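# What the coordinates show
Spelled out from the first residue to the last, the chains are:
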Amino acid sequence: MLLSPKHLPRLVAIVELFTRYGLRDVARQQGLLALGASDEDELPPQELADIEANAVGFRKKLVELGPAYVKLGQVLSTRPDLLPAPFIRELESLQDDVGPIPFEQVTETIEKELGARISKLFEFFDPEPLGTASLGQVHGARLREGRAVVVKVQRPNIRTALAEDLEFFRELAAFMATHTGVGHRIDVVGVIQELERALADELDYRIEARSAAAFRRSLAEFPRLIIPKVIEAYSTEKVLTTERVRGVKVNAVSPLARLDYDFTPVAEELTRAYLKGITLDGFFHADPHPGNVFVVMPGAQNPLTPSEVVSDERRGDVRPATTPLAKLEVEAQAAASPVPEDVDVRLALIDFGMTARLSSRMRDSATRLLIALGDSRGDEVADTLIDMGVPATDFDRAGYTNEIATLIARNVGLSAAEVEAGRVLFEVIDLSYSHGLKLPAEMTLLAKALFNLDGVTRSLDPSFMPLATIREFSNEIAMQRAKRDLSPRRFYQIALESSDLLAALPRRLDQITSRLANSDIATHVDVPQLPSLIVALQKVANRIFSGLVLAGLLVASAMLLPYWRILGLTGFVVAAVIALYMVFTIMLSDRSSKRDG
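Quick look at the pattern of salt bridges now. Counted according to the given criterion, the structure contains 17 salt bridges. Residues E123 and R142 are paired through a salt bridge, measuring 2.6 Å at the closest nitrogen-oxygen approach. Placement of E123 in strand β1 (residues 122–132) and of R142 in strand β2 (residues 136–143) is noted, with a sequence separation of 19 residues between them. You can call E123 partly exposed: its relative accessible area is 42%. Taking the relative accessible area as the measure of exposure, R142 reaches 32% and is therefore partly exposed. The salt bridge partner of R216 is E329, with a shortest N-O separation of 2.6 Å. On the criterion of sequence distance, the pair formed by R216 in helix α11 (residues 205–218) and E329 in helix α15 (residues 324–335) is long-range, its members being 113 residues apart. Considered together, R216 and E329 belong to a single accessibility category, that of buried residues. Put simply, R159, D204, R206 and E237 are held in one network by salt bridges that share partners.

Moving on, we get to helix α13 (residues 264–281). Counted at 1.5 Å a residue, the expected span for α13 with its 18 residues is 26 Å, and the 24 Å between its end C-alpha atoms agrees. Within α13, 13 of the 18 residues are buried, which leaves it mostly tucked inside the rest of the structure.

This paragraph deals with the sheet that holds strand β3 (residues 148–154). Sheet architecture is open: four strands sit in the order β1-β2-β3-β5, paired in antiparallel fashion. The two strands at the open ends of the sheet, each matched to only one other strand, are β1 and β5 (239–243). Ignoring strand direction, the axes of neighbouring strands in this sheet form an average angle of 25 degrees. Two elements, β2 and β3, share seven bridges in a ladder whose sense is antiparallel. What sits directly across from H139, in β3, is V151. Together, β1, β2, β3 and β5 form the strand contacts of helix α6 (residues 103–114), whose direction differs from that of β1 by roughly 125 degrees.

The rules behind these values
- Residues numbered from 1 in each chain as written.
- Predicted model: local features only at pLDDT ≥ 70, side-chain atom pairs only at ≥ 80, totals over all residues.
- Heavy atoms only, no water.
- Salt bridge = Lys/Arg side-chain N within 4 Å of Asp/Glu carboxyl O.
- Helix = DSSP H or I, 4+ residues; strand = E, 2+ residues; numbered from the N terminus.
- Buried < 20%, exposed > 50% of the residue type's maximum accessible area, 1.4 Å probe, protein only.
- Expected span 1.5 Å × (residues − 1).
- Pairing = 2+ DSSP bridges.
- Axes fitted to C-alpha atoms, helices over the stretch in contact; angles between N-to-C directions.
- Contact = heavy atoms within 4.5 Å.

Here you go:
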């Protein structure tokens with residue numbers, strides 16, 4: 001796989017990102033320097049500058065390169081195993097620090113998508129954006145009915161701008177997978193595929209609207225968590241309107257508020273909500289960074305949770321739901337838990353553009369992994385990861401298990417403020433790839449979600465320990481799974497599968513006995529090393545046969561010498577040529593095998 005010439009400028013830009021802003025050592029460790037022509041004697045002067053200034057320059061350069069690189073920076077901001085801490089902190093500001101869209105373009109997009117003038121749609125629309133992002137920006141507004149909302153508008157022509165960059169990322173990932181150390185250590189192709197899927201979802205706000213409604217239903221049993229309701233009539237592919245949250249970002253809570261209120265219950269409820277999504281629903285918010293989580297103080301006018309909607313419901317007749325989002329809201333209210341009396345501080349979650357779905361098998365594996373992680377059982381963590389991943393042919397299972405167990409044990413004695421479940425999981429993933437164990441791409445999203453969740457919960461309560469909550473939640477997971485497995489629907493499924501098996505059993509037994517009677521039973525054994533072993537045996541057989549032919553030629557030539565001297569000498573010359581050729585080819589073959597090994 002070779003890079004197209006048209007992508008060479010982008011390749012130079014990628015290498016420059018690492019070499020120009022004090023990340024040359026990181027690039028060397030990951031095998032990226034080999035991608036560009038870079039001379040050791042031509043180090044740019046920025047490498048001698050302060051690392052914080054380099055981090056700022058790195059972030060600004062990503063913004064200059066365009067939305068796809070901003071998104072790449074957001075992905076890198078969740079990988080503490082790849083970049084130093086100052087760069088991680090600086091890249092986190094990419095969530096908010098992007099240039100605004102001109103208001104004229106915002107108005108044009110809204111009126112085209114919603115089919116009416118903006119003055120007819122809204123009683124008030126603030127021309128100043130509340131926030132900007134790489135793919136769109138958000139404005140505050142008020143509907144004609146008086147409800148406060150936020151309107152997210154997609155950047156014009158963003159799909160065209162992203163298409164070429166994504167093509168380059170795909171090509172670069174394929175090239176790195178075969179030509180660099182980082183490509184062998186990390187599933188870069190899988191990461192880019194996940195990035196593509198995430199971008200595709202984020203570019204269609206209808207998907208985000210469905211995700212928000214699904215999360216509102218899934219988290220209805222957590223009364224301290226607010227998920228704003230989507231205003232379906234004001235939402236399209238490029239415009240998304242939701243109820244407005246009025247609060248402060250989770251990392252901007254004042255010290256005085258921390259003295260007045262206890263933030264531990266909301267930190268624990270948020271963690272439990274994520275664990276439920278990962279282990280039971282297989283559906284979780286993959287980007288819970290501090291910019292997407294708001295602390296809502298008592299008395300603030302905010303969207304109602306499904307629990308509050310149910311408790312405040314006064315109408316005798318409920319209007320029937322006719323749209324998918326409306327049906328999800330009805331289900332959310334049906335699943336809502338009663339509002340506790342001691343609820344004061346709440347958390348509001350926004351921006352559901354980046355979500356992750358896990359298959360049932362992946363969900364079961366993630367559940368076992370989190371339970372083993374919570375209980376600090378390193379051997380079980382290693383076994384689960386080996387079952388999930390694809391080991392290389394030279395994978396050392398015993399050595400890998402020992403290193404994973406050591407890594408997990410190292411975190412047992414740390415204080416609550418030092419233990420970070422997301423960082424531990426990133427270290428586990430990094431260790432897995434270094435040992436030749438390729439893990440599913442979903443593991444990176446899971447680690448990213450837990451890493452960001454660590455940051456949010458630490459902002460709420462510095463002494464909060466996520467692993468303790470994971471440990472406590474394990475019993476609830478077991479109960480929920482037992483309840484699911486003992487449900488009538490599950491019993492019906494088992495009975496249906498058993499009846500199919502019993503119905504097919506006589507025919508299958510008849511086929512087996514008939515083949516046994518006709519000696520028509522074949523056994524297939526799949527040994528991965530067998531083809532290479534057969535090739536090696538063929539080489540040995542060829543060398544033995546050639547040696548026998550050479551020996552026969554020498555004996556025949558010696559017997560011919562007394563009677564036919566010329567023919568005997570000719571035989572010796574031919575034997576010498578064959579012998580030299582055999583020695584030469586054997587030496588080349590052995591040297592090539594040693595180099596490949």
